[in-house]
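# Topology and contacts: notes
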Amino acid sequence: VAICQPLLYAVIMNRKVVIIFVVGVYLSGIFTASIHTACTLTLSFCGPNTINHFYCDIPPLMELSCSDTYIHKTVIFVVVFCLGLFNVAVILASYSYIFFTIIHIQSSCGRHKAFSTCSSHLLCVSLFYGTVFFMYLRPASKYSVSQDKVVSVFYTMVIPMM
């Protein structure tokens, strides 16, 4: 809205719309966290209790479980896939609209400025979703604790700094 219809931004992004967006984000976060929590609470642990990771994340925690985690991993895969697919679809749709709007900007300086702003944001979003999908949407046979540590530092520290 800020790029495609800047003069109507205040009208389109009114308080009601912002509240709806905030509530939607919180509800999806609560939904995802509830599923992760429910899956974790049903696991049984009987071996070592030291997580080989920088923080308590779901995949390394499931590696410590002595119960079967296939169903849990499948549920988490489906939830992350569906929410991630929805988010990526919304982002791609909005960036397609932005791209076609930027192309119609008459000034080359204005086009360059808009592309510069959007490209850096799109790069950060792509890196974030790429690392999150790598963490949660790969087959169990490809699981590696050392790779997870590097990727988790990347999406929790490097991308927010960008």
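Bear in mind the structure is a predicted one, so any value in this text is a computation, not a measurement.

## Comments concerning the state of the cysteines
- In the structure shown here, the tally under the stated rule is one disulfide.
- Here Cys 118 stays unpaired: no disulfide links it, and the sulfur of Cys 4, its closest cysteine neighbor, is 8.1 Å away.

## Quick notes on the UniProt feature "transmembrane region" (unreviewed entry) in the protein chain
- In this structure's numbering, the residues bearing the UniProt feature "transmembrane region" (unreviewed entry) are residues 17–35, 75–102 and 114–137.
- As annotated, residues 75–102 comprises 100% helix and 0% strand, and the C-alpha atoms at either end are separated by 40 Å.
- As a span, residues 114–137 carries 96% helix and 0% strand, and end to end its C-alpha atoms are 33 Å apart.

## Some thoughts on the nonpolar core
- Counting 15 residues, the largest nonpolar core has Met 62, Ile 76, Met 135, Tyr 136 and Tyr 155 as the members making the most contacts within it.
- Listed by contribution, the elements that provide at least two residues to this core are helix H2 (15–41), helix H3 (58–64), helix H4 (70–103), helix H5 (108–136) and helix H6 (145–161).
- With four residues, the single largest contributor to this core is H5.
- Residue contacts for Met 62: discarding those within four places in its chain leaves Leu 43, Thr 69, His 72, Lys 73 and Ile 76.
- Core analysis: the second largest hydrophobic core is formed by six residues, Cys 4, Tyr 95, Ala 114 and Cys 118 among them.

## A short note on the packing of aromatic side chains
- One pass over the full model with this rule turns up five aromatic pairs.
- Taken together, a centroid distance of 5.6 Å and an interplanar angle of 70° make the contact between Phe 99 and Phe 100 edge-to-face.
- Counting every residue linked through ring pairs, the aromatic cluster contains Phe 99, Phe 100 and Phe 115.

## As for H4
- When the terminal C-alpha atoms of H4 are compared, their 48 Å separation across 34 residues agrees well with the 50 Å that a helix rising 1.5 Å per residue should span.
- In this structure, the buried residues of H4 make contact with H2, H3 and H5.

## With respect to the side chain of Thr 32
- Examined against the element boundaries, Thr 32 turns out to sit in helix H2.
- Accessibility expressed as a relative area gives 17% for Thr 32, which makes it buried.
- Those residues in contact with Thr 32, other than ones at most four positions away along the chain, are Val 79 and Leu 83.

## Description of the environment of Ile 103
- Tracing the backbone through its elements, the reader meets Ile 103 in helix H4.
- Given the relative accessible area of 39%, Ile 103 is considered partly exposed.
- Separated by eleven residues in the primary sequence, Ile 103 and Ala 114 place their C-alpha atoms 9.8 Å from one another.

## Considerations on the packing of H4 against H5
- Here H4 crosses H5 at 170°, and the two axes come no closer than 11 Å. The orientation of H4 with respect to H5, classified from their angle, is roughly antiparallel.
- Residues belonging to the contact of H4 with H5 are distributed by class as follows: 19 nonpolar, three polar and one charged.

Cut-offs and rules
- Residues numbered from 1 in each chain as written.
- Predicted model: local features only at pLDDT ≥ 70, side-chain atom pairs only at ≥ 80, totals over all residues.
- Heavy atoms only, no water.
- Disulfide = S-S within 2.5 Å.
- UniProt positions renumbered as here; feature names shortened; annotations may be inferred.
- Helix = DSSP H or I, 4+ residues; strand = E, 2+ residues; numbered from the N terminus.
- Core = buried A, V, L, I, M, F, W, Y, C linked by side-chain atoms within 4.5 Å.
- Buried < 20%, exposed > 50% of the residue type's maximum accessible area, 1.4 Å probe, protein only.
- Contact = heavy atoms within 4.5 Å.
- Phe/Tyr/Trp six-rings, centres within 6.5 Å; stacked < 30°, edge-to-face > 60°.
- Expected span 1.5 Å × (residues − 1).
- Axes fitted to C-alpha atoms, helices over the stretch in contact; angles between N-to-C directions.
- Parallel < 35°, antiparallel > 145°, perpendicular 65-115°, else oblique.
- Nonpolar A, V, L, I, M, F, W, Y, C, P; charged D, E, K, R; others polar.

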